[in-house]
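# Architecture at a glance
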Amino acid sequence: MNQILNSEIKYLPGVGPKRAELLEKELNIKTFRDLMYFFPFRYIDRSKIYSISELLPTSSYVQIRGHIMQVKIMMSRGRAGGEAEGSRAAAASYGNSGRKGGGRRLVAYMRDATGTVELVFFKGISYIQKILKPDSEFIAFGKPAVFNGKITMVHPELTPPSAEILYEGSTQMGVYPSTEKLRNNGLGNKVVSKLVRTLLDKCADDLAETLPGDIIARKDLLGLRESLINIHFPVNNTLLSRAQYRLKFEELFYLQLSLLKQRNVRMRSEDGIVMKKVGPAFNKCYESLDFPLTGAQKRVIKEMRSDMCSGRQMNRLLQGDVGSGKTVVAVLLALLAVDNGYQACIMAPTEVLAQQHFSSISKLIKPAGVTVGLLTGSTKKKERDVLLEELVSGRMQILIGTHALIEDRVKFKNLGFAVIDEQHRFGVEQRGRLWNKESNETGDDSGGTGFTVGSDAPAGAESYRRLVPHVLVMTATPIPRTLAMTVFGDLDVSVLDKLPPGRKPITTVHMYDNQSGKLFDFMKGQIKQGRQIFVVYPLITESEKMDYKNLEEGYDVISEVFKAPEYVTTVVHGRQKPADKEFGMKLFASGKADIMVSTSVIEVGVDVPNASVMIIESAERFGLSQLHQLRGRVGRGSDKSYCVLVTGYKLSEEGRKRIEMMCETQDGFRLAEADMKMRGPGDMEGTAQSGLAFDLHIANLALDSSILENARHTAMHVLDSDPLLSGPASVILRRELETLRNYGKEPVDYGRIS
Ligand code: ADP
Ligand code: MG
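Residues numbered from 1 in each chain as written. Chains lettered and ligands numbered in written order. Predicted model: local features only at pLDDT ≥ 70, side-chain atom pairs only at ≥ 80, totals over all residues. Heavy atoms only, no water.

Next up on the list: the site of ligand 1. The immediate surroundings of ligand 1 are formed by 16 residues, with Gln 297, Gly 323, Lys 326, Thr 327 and Asp 607 found nearest. One of the backbone N or O atoms of Ser 324 is found 3.4 Å from an oxygen atom in ligand 1. Compared with its free state, where it exposes 560 Å², ligand 1 has 83% of that area covered by protein. In terms of residue class, the shell around ligand 1 is made up of 5 nonpolar, 6 polar and 5 charged. (Near = heavy atom within 4 Å. Polar contact = N/O pair within 3.5 Å; in protein donor to acceptor, adjacent residues only side chain to side chain. Areas by Shrake-Rupley, 256 points an atom, 1.4 Å probe, with all protein chains shown as cover. Nonpolar A, V, L, I, M, F, W, Y, C, P; charged D, E, K, R; others polar.)

In structure tokens form, the structure reads like this:
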């Protein structure tokens, strides 16, 4: 159905091969459907005709109606007068080679009852000359400007007053996204608008509705045909907003439906391992903790325990601000798996973090008497072989590591629980590799690198059922709810919403980089009080030489100001050998070094309670979430903590806003929301919109959260009565999901690991 929309765009009357090529190249429009769903980003009211005397240089696009009095071709030679300058500037702004053509321009004087205006053209002069006969009447549509004190309109759109408006009943004209190249090649807004008109004439009446009738009725949505007509050629504002609502709702609805359905599929085709027992490993570790768990930690553990006993696979996202104590939660659950005869693994995004986890977790679980190993990219072959052997045999009960863990050769005897820490640090690609091992409806394993569950998983594993490990994804990047719902829509979410007691607020200040004297004095004062200090330099890509240069120079300056042996400064970055890195980290973590200069490798996870000052150099180069993460490295002990954001004097407006936000609040969720609004969801660190199953044409995750909420409820409601969309009532839904899937990208389910 709606097959016609799959036609190639070159077959639309008025397009042809040349324009088709341009449309594809510039706007990625390849089919009728692409054009149909290519929406204006704003609208211009064309019901009003202004009188020429009303025109102001500040007016936006307006239309006037008048008679052509006189048409002149003028040459602006060289740098002659101010007028020539002005015209050249205007010509240049039209991307036109005003200079090449000797600065030829056509000026037409248009008059109405109230005055006269100059219409100026730099291009297509001979064509314009032909149509602008003296005394002919036209409607000119454009933006007024001033040259030499006179009101002009440069390259207005001209239509004879008798010409029909683009769509009956529509008074507003859509403005479509465009490019210089399109405009220069005869594919300006008016032409695109005309093509859309042609398309609607051709297809609109035959389009099959893409939402089920009962949803349309219940939600009081505009029909598809009305919506598409009104989004392109709004009849009035009410219909325009209803059209926008409907189209946004539809996009978000299908996004949610696809995610939630996949979750249902999984719950049916795979059994989760039942882990009922609470045994000695869990208990011994729990009893020897040197702090009571917070209420939030207890609640979250309870939520996950019940998942792990449910007979269904757990897929949970644990969100908790930096320092909220996620590690201990993950460890206790891993011990639960051990108590039930399974292995567990914890995967960290960086080598440094994996090592830190290994040492702190080893300490934490010592009382439990459980075997724990570390596997990273730099694990020596000999060691690795022993480790892999111990994993297969089951002697190794908990494995900690980097993504070296997901290599094919890593085989567990019976993995029951997998933790992915600081998930946002994994790029979309890596996540894809991790989760792509997709179970589709037939339960067939489409390959990819995933965890391998050993063949001798305990009883109950019928041959066609897969027993899959429980999965816990942890992140300290607060993901705004809307994004969490869309990108991780099929994960259950737990939130650690309380920090352990005794944390003090962190004072955040902004300093310019020429205030280093003041900064160094402050640092000395802190060190005198026994505190330790982080100094972080941005490292945008691992290979960027400049970044290392900054770091090295910074380190040199600091070593000069903070001379040994009075002060000890250490440096840690990604280019060091793992042993050197570890040495540097240990020096600092053990309290022997006062200052640690590093790249953002310490962004996640590192835990040094005595460090109470975080200095971030070139802070304007970091995103909000990253700044927040870095700041979270301090304020863990009982001392007053500080974060100093150092920037140059020259700051972009956004950069300044980010710094201001940081100084203003410590609320991770507020910062994440602000980040998303400022940068758009597509740019959220590591949670790129490209992780979505379908492209969004009109809905905006940052702005349309209430529509998303509504769409999600509707999708849940639908799935309540038909969990796999297999019933006869779900024909439209199945068909649309199929269309969207084939049409857009293949849906990638990032919420999967097994
Ligand atoms: P994150 O959530 O950022 O991973 P961590 O798990 O690294 O946080 O915990 C941060 C610090 O808080 C660690 O030193 C940890 O021992 C400590 N911690 C965790 N839970 C508690 C608690 N309930 N009470 C006191 N300290 C805690
Ligand atoms: Mg952590």
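Next up on the list: the side chain of Ser 170. You can see Ser 170 is positioned in the loop between β8 (157-159) and β9 (172-175). When its relative accessible area of 8% is taken as the criterion, Ser 170 is described as buried. Only 3.4 Å separates the side chain of Ser 170 from the backbone oxygen of Phe 233, close enough to count as a polar contact. Among the polar contacts listed, one links the side chain of Ser 170 to the backbone oxygen of Pro 234, at a separation of 2.9 Å. (Helix = DSSP H or I, 4+ residues; strand = E, 2+ residues; numbered from the N terminus. Buried < 20%, exposed > 50% of the residue type's maximum accessible area, 1.4 Å probe, protein only.)

Moving on to the sheet that holds strand β23 (residues 611-616). As summarised here, the arrangement of the 6 strands in space is β19-β24-β23-β20-β22-β21, forming an open sheet in which the pairing is parallel. Strands at the two margins of the open sheet, each flanked by one partner only, are β19 (506-512) and β21 (569-572). In this sheet, neighbouring strand axes are inclined to one another by 20° on average, regardless of whether the strands run parallel or antiparallel. With 5 bridges joining them, strand β20 (residues 532-537) and strand β22 (residues 595-599) adopt parallel strand pairing. (Pairing = 2+ DSSP bridges. Axes fitted to C-alpha atoms, helices over the stretch in contact; angles between N-to-C directions.)

Spatially, β13-β14-β12-β15-β17-β11-β18 is the arrangement adopted by the 7 strands of the open sheet, whose pairing is parallel. Whereas interior strands pair on both sides, the edge strands pair on one side only; in this sheet they are β13 (372-375) and β18 (492-496). Ignoring strand direction, the axes of neighbouring strands in this sheet form an average angle of 20°. Of the pairings in the sheet, the one linking β13 to strand β14 (residues 398-401) comprises 4 bridges and is parallel in character. By the bridge assignment, Val 372 is partnered in β14 with Ile 398. Running at roughly 170° to β13, helix α13 (residues 351-364) makes contact with β12 (343-347), β13 and β14 of the sheet. Together, β12, β13 and β14 form the strand contacts of helix α14 (residues 381-393), whose direction differs from that of β13 by roughly 130°. (Contact = heavy atoms within 4.5 Å.)

This part is about the nonpolar core. With 40 residues, the main nonpolar core has Leu 333, Leu 335, Ile 365, Ile 398, Phe 417 and Leu 472 as its most contacted residues. Secondary structure elements with two or more residues in this core: α10 (280-287), α11 (295-309), α12 (326-339), β12, β14, β15 (415-420) and β17 (470-475). Of all hydrophobic cores here, the second largest spans 38 residues; its members include Ile 29, Tyr 43, Leu 207 and Phe 233. (Core = buried A, V, L, I, M, F, W, Y, C linked by side-chain atoms within 4.5 Å.)

Below, the discussion takes up α13. Compared with the 20 Å implied by 1.5 Å per residue over 14 residues, the 20 Å span of α13 between its first and last C-alpha is a close match. When we look at burial in α13, the residues that qualify are Glu 351, Val 352, Leu 353, Ala 354, Gln 355, Gln 356, His 357 and Ile 361. Contact partners of the buried residues in α13: α12, β12, β13, β14 and α19 (578-589). (Expected span 1.5 Å × (residues − 1).)

In this model, the protein chain carries a mean pLDDT of 81, and residues with pLDDT of at least 70 account for 82%. In this model, residues 425-465 is a region of pLDDT below 50 whose contacts with residues beyond four sequence positions or in other chains number 103 contacts. (pLDDT = per-residue confidence, 0-100.)

The subject of this paragraph is the packing of helix α20 (residues 624-631) against helix α21 (residues 653-664). At a minimum axis separation of 10 Å, α20 and α21 run at an interaxial angle of 35°. Crossing geometry of α20 relative to α21 is assigned as right-handed. Contact residues: α20 offers Leu 624, Leu 627, His 628 and Arg 631, while α21 offers Arg 658, Met 661 and Met 662. Grouping the amino acids of the contact of α20 with α21 by side-chain chemistry returns 4 nonpolar, 1 polar and 2 charged. (Left-handed = near helix turned anticlockwise from the far one by under 90°.)

The next subject is helix α1 (residues 16-27). Its 12 residues place the ends of α1 16 Å apart at the C-alpha level, agreeing with the 16 Å of an ideal helix rising 1.5 Å per residue. Listed as buried for α1 are Gly 16, Ala 20, Leu 22, Leu 23 and Leu 27. Relative to the axis of α1, the buried residues are bounded by an arc of 165° and lie together on one face. Pointing more than 90 degrees away from the buried face of α1 are the exposed residues Pro 17, Lys 18, Glu 21 and Lys 25. Considering only its buried residues, α1 is in contact with α5 (180-184) and α6 (189-203). Count one or two residues on from α1 and you reach Asn 28, which has phi positive near 60°. (Arc of directions from axis to C-beta.)

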